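The residues making up each chain are set out below.
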Amino acid sequence: MLEKFAGIIVILGLILSVVGEIINSNQIRTYGILLLLATASVAGIRFIRFYLTNPEVELGGVCIEHKRLPTHCVLSIRTGWSEVYYGQASLKTCAGIKVGDKIKVKVRGRHILAVSSINGPD
């Protein structure tokens, strides 16, 4: 929902900037540029905050769930006796992984960055 709202604001800023340039109105063009700068600033702050508050962690375990969706894969990994990590990865990242495989993953928050198979199922 937030992405759609940000997209609408960016398009509105672009429209205001172009219309202000076409009709030679500095005030409308300035409002459009300010909308674009504000959106870029908020997105940059959210991006930096995500990377500062979510360190990259490496986990190892057994894949207990593998759902292939149209745009991404959802993996569940049992990392210990009762610890289960649940996250999503790109289709390319989780290619070749099956339920029961021992895998090692690099994660940041709920995003799986890299998956490598340690060995096949026992």
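Residues numbered from 1 in each chain as written. Predicted model: local features only at pLDDT ≥ 70, side-chain atom pairs only at ≥ 80, totals over all residues. Heavy atoms only, no water.

## Looking at the overall build of the protein
A tally of helices and strands in the protein yields two helices and five strands. Beginning at the N terminus, the succession of helices and strands in the protein can be written as α-α-β-β-β-β-β. Radius of gyration (C-alpha) of the protein: 21 Å, far over the 14 Å computed for a compact globule of 122 residues. Looking at the protein residue by residue over its 122 residues, the buried ones come to 20%. A separation of at least 24 residues holds for 35% of the contacts in the protein among residues at least 6 apart in sequence. Across the protein, the 14 positively charged side chains and the 8 negatively charged ones have centroids separated by 3 Å. (Helix = DSSP H or I, 4+ residues; strand = E, 2+ residues; numbered from the N terminus. Rg over C-alpha atoms; globule rule 2.2 N^0.38 Å. Buried < 20%, exposed > 50% of the residue type's maximum accessible area, 1.4 Å probe, protein only. Contact = heavy atoms within 4.5 Å. Lys, Arg positive; Asp, Glu negative; His and termini not counted. Charge placed at Lys NZ, Arg CZ, Asp CG, Glu CD.)

## Details of the layout of surface pockets
One number sums up the size of the largest pocket: a volume of about 340 Å³. Together, Leu2, Glu3, Phe5, Ala6, Ile9, Leu35, Ala38, Thr39, Val42, Ala43, Arg46 and Phe47 line the largest pocket. Elements supplying a minimum of two residues to the lining of the largest pocket: helix 1 (2–22) and helix 2 (26–53). Looking at the lining of the largest pocket element by element, the count peaks at seven residues for helix 2. Its residues placed into classes, the lining of the largest pocket shows nine nonpolar, one polar and two charged. (1 Å grid on protein atoms, 1.4 Å probe; cavity = no way out; pocket = protein on both sides within 12 Å on 5 of 7 lines; lining within 4 Å. Points joined across faces, edges and corners; volume = space filled by probe spheres on them. Nonpolar A, V, L, I, M, F, W, Y, C, P; charged D, E, K, R; others polar.)

The values are spatial; any link to function lies outside them.
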